Every structure is written in structure tokens, then in C-alpha cells.
Amino acid sequence: MIRVRDLSVTIGDVPILRDIDLDLSPGLITGLVGESGSGKSMTALALMRLLPARARVQGRITLDRTDLTAMPERQMCRIRGRRISMIFQEPMTALNPLMTIGDQVAEVLRIHHDLDRAAALQRARERLDRVGLPAPRFPLTLFPHQLSGGQRQRVAIALAIAERPDLLIADEPTTALDVTTQAPILDLLRDLVRDEGMALLLITHDLAVVAGLADRVVVMKSGRIVEADRTEALFRTQSHPYTRDLFAASRHAPARATPRRDDAPLLSIREARRDYRLPGGGSLTAVDDVTLTIGRGESVGLVGESGCGKSTLTRAILGLDPLQAGQIRLDGQTIRAGHRMPPALRAQMQVVFQDPFDSFNPRWRVARLIAEPFHLTGRPPDWRDRVATVLSQVGLAPADADKYIHEFSGGQRQRIAIARALIIRPRLIVLDEAVSALDVRVRAQVLDLLADLRISHGLSYLFISHDLGVVRGVTDRVLVMEKGRIVEDGPAQQVIDRPDHPATRRLVAAMPRIPQDWTTGSYVPKYPRG
Amino acid sequence: MAMTGPTARHFTVLSCGVSVRSMLRYLLHRVISLGLGLVAASVLIFAVVTLVPGDPASFMLGTGAQPETVAALRQQMGLDQPWPLRYLTWVGALLQGDFGQSLTYKTPVAGMIRDRMQVSLPLALMALVLAAAVAFPVGLFAASRRGRAGDVAVMGGTQLGIALPNFWFAMLLVLIFAVKLRWLPAGGFAGWGDPVAALKSLILPAIALALPQAAILARVLRSALIEQQGQDYIRTARAKGLSAGQTLRRHALRNAMIPVLTIMGMQFSFLLAGAIIIENVFYLPGLGRLIFQAISQRDLIVVQSAVLVLVAAVIAVTFLVDLAYAAIDPRLRQR
């Protein structure tokens, strides 16, 4: 049993956490939700005593009546990994790339016990079997790069549970995974809690994940807990205004535009094909005989598991990789397989990526960042005015043109990315997981902005996302991709509500959701709240 | 766990049999590029020495030479023959260990280079080992105390180590250990007939050479370690229960080795021929001095052969560094 009382953390003069009270009991899952910067991860790091060196901690964290905040670091090392352990968001980088998975799991056992390597490896084998990486398909000698994201997250879980800890902290454990990988990982966590009697602190921004998994939910805002209750009760009552805000934003669907149906399509792709040679011989057909159209003013969703060919298809549409067969027809002009796309045509399409920060040069001012696409069309003399115009169109001030990108928040950066896409007045914007990294409330604002721009600029969107809920809310039509092929194509709500193809059904089934009746009707709490 | 199409396909590609094959392919690639590098280097050196404007024979003999002497040398060097034939003759002889005759000393160049290598190679190795022996603990220490007094002291000290002229440091060493304490000889090299004496005469020059290299290496290691400490897998290691120091030594160090090895490879190449000042201070008959003398005596045959040997050494070191990369990083073995 872990008890947190009056936990406050400050870094410098900035308060990070204020008066956090939390009880984490064996066999129970506590969901910790809130937006980025609300203090979720800091709470986890405080429990692990892995806060930045400058952080000052007040209050108590007790594990079996021992106060962890007062414990010497040497003793704390005996707690970490043995009594309290943690898994992190990014499985691709969470493991040491130079060590075999067997050694990484065995290391935990060897730190805490006087085990020789062979004995530790034998127990590592058991733990890897437990998390769904059985021998002989997953030998201990594999390196992390030989595994997929979901498999790596399983290794991270195996080393976190190797010592059967009292508390497992999972910080956004499935955020970087696609839906069909997410579901079995969440099931694994649930089973582990049940079988091993651990407490699980599940940190996530995804309310639907919490709804399906947590026994209790704690909502954080600006370093404070604003609401905490049993999951169903919290979802039904939503007594704090911030909780209501979060819920509303998470299911926000912006106003729709009706696409013009009479015209010839803006973009049509016929029998597109793209192969890749694999390391070690063989080839992979990433895009296999794909035919699709996007109408003028239409918003089309593209969904599928990772590795299904979405990214390759997108790169081909954007003219970044030529096709090996088939053709792309954009605005009446045809690009055949193997040919480069002329810049004037390329300028008809722009793209907005997931991570707003990584797609900007940090040493350029915003004006120069936004004006970058002009290299396709030539920079007009009034380019500064046009930068000011698009900045206002995306809800920023013209004066922001002179700032640098680090001066903006995540949502603002994504607005700047949209401004950059708009500046050369394209016909089609590819939104490649463009809202996936944003908090729900910011996401709602950006989706509204995109909906407005679509009407005012007559834009078409190709909206790529792993979040089917968002896709259902913002697109007119959905394309489902599997193994390089489009396997389903139809109106968004129909495809997602009544999926036809097995691949679509798998995606829809894996999608975490909040039970319909939890958010409608009134709920009378059965237990006193605490 | 159900594996879906692309993942399953991905996995078979990476199964163990293939990884051995790709390791062999990696080796083969490195060996081929080693061979190509040697051929390219020999062509380039040949071209620079014999095809550039002016006649090598008259260049070597100077402006005051008799035409008959020049003609004789031209014939001796085979300059009257077409250049492809000359190149092949030169390479053919090289392959048999015949580097030609030095114009100045009238002795086979191969023997001269071999003698000098007996000084330069151990000297460079000793200096590099010393540099690494100092740099690793210092770099680890500084990285573990990033921004604190220990780190600041190391950064200041290494800055000084890089800035100090090594001949000055060499003279300081001579004054202390040779003149004052009389522990080690002040200079000269009597050959490997007496290995202890030979090693003793190389210690001070190796220390003098190692100082700036140790300082550079320590700084490279420190920054590589600090970069690694920001990585996610370090956080995972801390969450396992490793202390900060254990995390640094067991996880960060190996990941930081790629830039460190790159620098060490470059340092070795530099130490082999770039020790000329130190060789002069300690009167050591090393490769650097040989090349310097050959250039000032316009002995192109010696210059050409010595440069080729050095380039070959650099290429060989690069090859070894590539192998070390692959030994450290499993991802490279599978390219």
C-alpha cells in the first residue's frame, strides 16, 4: 500500500505539484488523467524519487509505513525496480539498443539479488513468457531493434514486473502504439494487476483508456488533483468543471462542410504501386494497386495499423517518392509512375505532421518558417503581408512572425504548421497524425480551425490518424488500408459504426471507448466519495 | 500475441540465420572498401608525385644538376616509360616488398621505413593507450558531475591540456624525470635489442604525445556520455534500481563509444606521423622525422613510399574502427 500525503514539488520558484493525496492499493488500477503540464508525470517521478536534481519535495510518500521522501538514495535504489517500478511512453527508445532483451530483463534481477547470469536469464525467460514474448520465437538474444513497438513495450513491462513490485507506474504506456497494438498491451496490464496483486498507476491523457481499465480515476490540473472518484462515478457525475471540459473536448466534433460532389475529383490515384527492397533480400510491397479519389473540398480519412502502407502512400501522393506503377492525377494533370512531380503541381499540396516542434528549424523566425513553401512557387514581393494574413487566419497575431518556435505551446506550433501549409494556397492538405500529439482541449480547437479553413479556403484534406473517434468526427469518407491495399472505402460514420472488412472490424474493436450510458443519464453514487 | 501480416514478415527477415549472414556481408563490405581505399590511395600518391607538372628527376636533383645526371636518374626511376606501365611496375614491386632505393641514403626504402616504424608504431600505441587510460576515468568523472565543481575543473584542465604546446610539456618532462630525478633517459633510442631500455626511452615521449590527446578524448567522452544520459533508456535503467553511477558505466558508456572510437582512430593516425616535434625533442628516429628529412632532401622515392605506408595505416585503422562499431552496435551488423 502506497500513501501519498500533501506532496508538493517546486523547481526553482515554480510550483509543479501542490498538496497531492493519493492511495495506491494492491490489485487496484488508478487512472491519472490531465493535460500535458498538469503534473501527471511529475507525480510519477516523485514516487520514483527520480525528479530533476533541482526539485524540492515536501510531504510524505509512504510504502509500508516507510517514508520514501526521507530515504537515502542508496536505499531508494533498492526500492526502485523492486518495490516500485515504471514503464514509459516511448517503447522505441526506452530500451538500451546495445543490450539483448534477455540481459536487460536479467539486469533487474541481478541488481536486487545475488544471482549469477545464467539463473537471472532463466528467470528473465519466465518473465518474457509472461508478457507474451514466448520462446522460441522471442529468444533472449534478440536486440530491441529486432522488435516492433508493441513487442518492445512488452519487454519494458517484463523488466518492470520482473521483481513483482508492489506498485507499477505506467506513464502513457500505449500512447505511441497504434490501436490494435494498444488493446492487447492494456489487457496484459490488467491481467498482471489481477494475477500478481500489484497496484497500477496508469497515467494517460486518453479518457477512453481509463474508462476501460481503471478502478479509480484521479483528474489533475496545474499540479493539483481536482477530482478523484471511482471510475464510473467520476464519468457519470463529472462534478468539477475542468473534468466536464475534458470530457466535452474529447468527444468534440467540429461543424461539417458539405463537399461539392459535381466536379471532377481534385486528386485521383490509379493502380499505384510501391515496393521496397528489404535488408537481407526480398521485397515488401508497401503500396499495392491502390486506387482512390479525393473530391474538391472533401475530407478523407486514411486509417490502418502501423506498417499498412499509409506513410508510403502519403509520400507518393506528396511527390516525395515516385511510384513504380500507376499514376497520380492532380487538378487535371497526370504524373505517371517513375516521374518526378513538377514544383507547380507539388505546390497544390501541403502537409502537416504530428510533431510540431521537430518539423521546424529552431533557429529560424516564424516568418521565415511559414514562408518556406514559397520555394515551390517563388516568393512574391508581398510575402510578409501574406505571412501576417495566414497567422491571423490560424488564430495567431501577425506580430508572432518575429518570434522563434520555442516561444510557442504545442497547440500554437501546430497552428504555425497549418499556417505554413496555407501560405501558398494549396488545394489539398495532408494531415499526418496532425492532432495526435495535442491535448484534448487544444485538439478540439485545432479541429475547429481546420473545419473553418476548409470552408473558407475550399480545401480538401487527407486526414491520417490512428484515432478512429476523431476520424469519424471530422472526415466525410474513410479509407481503410491493410498490407498496402485499400480494403474499405465509404462514408466515415458508416465505415466506423458498421465496419465491413475484417481489418476495419479489428481496428474498431480495438478502439477504447467510454460506455455510452456512463455519460448520459444521471448516476447516483453507491459509495461515499473520497 | 497475435502477429499480424507486416510484423510477421518483418520478424522472419530478422531471424538469427540472417543476422549471421548480414554480419558476414558487413565484413565483406568493409574488406572491399579497405581494398578499394588502398588502390585509390596508391593511384593518388602516384599521380601527385609523377604526373604533376615538372620532372621528378630534375626536381629531386635540384636546378644545378647536370643533364646527364638527370637523364640517368630518369632512366633509373623508369621515367622514360609510359605512366600506366610505371604505375604497375611500382605497385608490383610494392607488393613484393620492394619500395625502391633512397636517393640520398642509397639504401632500400623498405628497410628504412621498417626501422622507423619500430619506433613510431609502439610510440603511437603507447600514447593512445595512455590517453585512453587517462581520458576514460576523467570523462566518466566529469559526466557524472555535470555542471558541478568536479566537471568545471575537468573542463578547465582539459582546455589547458589542449592548449599547452606539447614540445614545452615534453621539455618539462625531460627536466623533471631525466635531468632532475634521472629516472628515464632524456632522449635517443638504442633499438629493441634491450626491450626495457627501449620502452624507457619511449615513456616520456608517449606521455608528451598523450596529454593533448587525453584532453580531447576526455572531452569527447564527457559530451557523448552527457548526450546519452538524456536518452530514455537511461531513465529505464534508473527505474530498474541502478544508481546514477552504475547507469553511466553499464549503459551510457557503451552507447557513447561510437564517437569516442571515431576520435581514437583519428588520433592513432595522427600519432603515427604527426609526432615529428616530439621525435625531434627526444631525438627519436621516427617516421615523422624520416618524412621531414626526405622532403627537405627532395627524396621523392622515400616520400612516396612513406606516405603510402601512412595512408595504408590510416585505412587499416579505419577498418578496425568499423569492426569495433559493429562489435558494439548490433544494428550496424544487420545493415
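Scoring rules and cut-offs
Residues numbered from 1 in each chain as written. Chains lettered and ligands numbered in written order. Predicted model: local features only at pLDDT ≥ 70, side-chain atom pairs only at ≥ 80, totals over all residues. Heavy atoms only, no water. UniProt positions renumbered as here; feature names shortened; annotations may be inferred. Buried < 20%, exposed > 50% of the residue type's maximum accessible area, 1.4 Å probe, protein only. Helix = DSSP H or I, 4+ residues; strand = E, 2+ residues; numbered from the N terminus. Domains from an automatic or database assignment. Contact = heavy atoms within 4.5 Å. Buried area = accessible area lost by both parts, 1.4 Å probe. Salt bridge = Lys/Arg side-chain N within 4 Å of Asp/Glu carboxyl O. Polar contact = N/O pair within 3.5 Å; in protein donor to acceptor, adjacent residues only side chain to side chain. Nonpolar A, V, L, I, M, F, W, Y, C, P; charged D, E, K, R; others polar. Patch = residues over 30% accessible without salt bridge, like charges linked within 9 Å, V, L, I, M, F, W, Y side chains within 5 Å. Areas by Shrake-Rupley, 256 points an atom, 1.4 Å probe, with all protein chains shown as cover. Axes fitted to C-alpha atoms, helices over the stretch in contact; angles between N-to-C directions. Parallel < 35°, antiparallel > 145°, perpendicular 65-115°, else oblique. Left-handed = near helix turned anticlockwise from the far one by under 90°.

Looking at an unreviewed UniProt entry, one finds chain B named Peptide/nickel transport system permease protein, with Paracoccus homiensis as its source organism. Quoted verbatim from the Subcellular location (unreviewed entry) field of UniProt, the annotation for chain B is "Cell membrane". Here is the UniProt Sequence similarities (unreviewed entry) comment for chain B, exactly as written: "Belongs to the binding-protein-dependent transport system permease family."

As named in an unreviewed UniProt entry, chain A is Peptide/nickel transport system ATP-binding protein, taken from Paracoccus homiensis. Heading Subcellular location (unreviewed entry) of the UniProt record for chain A holds this comment: "Cell inner membrane".

Residue and element names in this part refer to chain A. The buried fraction of helix H11 (residues 310-317) is high, at six of eight residues. Every buried residue belonging to H11 is among Lys310, Thr312, Leu313, Thr314, Ala316 and Ile317, and all of these are buried. Immediately downstream of H11, the backbone of glycine 319 shows phi near 80°, a positive value.

This next bit is on the domain arrangement of chain B. All names here are of chain B. Parsing chain B into structural domains produces domain 1 (17-95) and domain 2 (109-329). When each unit is reduced to the centre of its C-alpha atoms, the spacing between domain 1 and domain 2 is 30 Å. Counting residues at the interface gives 19 residues for domain 1, matched by 16 residues for domain 2. When the two sides are added together, the surface that domain 1 and domain 2 hide from each other amounts to roughly 1700 Å², 80% of it contributed by carbon and sulfur. Summed over the shared surface of domain 1 and domain 2, the number is one salt bridge. For the pair domain 1 and domain 2, the interface holds two residue pairs in polar contact (both at pLDDT 80 or more). Listed by contribution, the elements that provide at least two residues to the side of domain 1 that touches domain 2 are helix H2 (16-51), helix H3 (56-61) and helix H5 (83-95). A total of twelve residues in the side of domain 1 that touches domain 2 trace back to one element, the largest contributor, which is H2. Across the side of domain 1 that touches domain 2, the residue classes tally to 15 nonpolar, three polar and one charged.

Moving on, we come to a nonpolar patch on the surface. Residue and element names in this part refer to chain B. Judged by side-chain polarity, Phe167, Trp168, Met171, Leu172, Leu175, Ile176, Val179, Leu181, Trp183 and Ile277 come together as a nonpolar surface patch covering roughly 940 Å² of accessible area. At seven residues, the largest contribution of residues to the nonpolar patch is made by helix H8 (residues 166-180). Mapping isoleucine 277 onto the fold places it in helix H13 (residues 276-281). Given a relative accessible area of 44%, isoleucine 277 falls into the partly exposed group.

For the rest of this paragraph, the subject is the packing of helix H7 (residues 149-163) of chain B against helix H9 (residues 195-229) of chain B. How two helices sit against one another is set out by the angle between their axes and by the gap between those axes. Residues and elements named next belong to chain B. Running from amino to carboxyl end, H7 crosses H9 at an angle of 140°, the nearest separation of the two axes being 8 Å. By the angle between their axes, H7 is oblique relative to H9. Relative to H9, H7 is oriented so that their crossing is left-handed. Two secondary-structure elements touch here, H7 through Asp151, Met155, Thr158, Gln159, Gly161 and Ile162 and H9 through Leu211, Pro212, Ala215, Ile216, Ala218, Arg219 and Arg222. Of the residues contributing to the contact of H7 with H9, the split by class is seven nonpolar, three polar and three charged.

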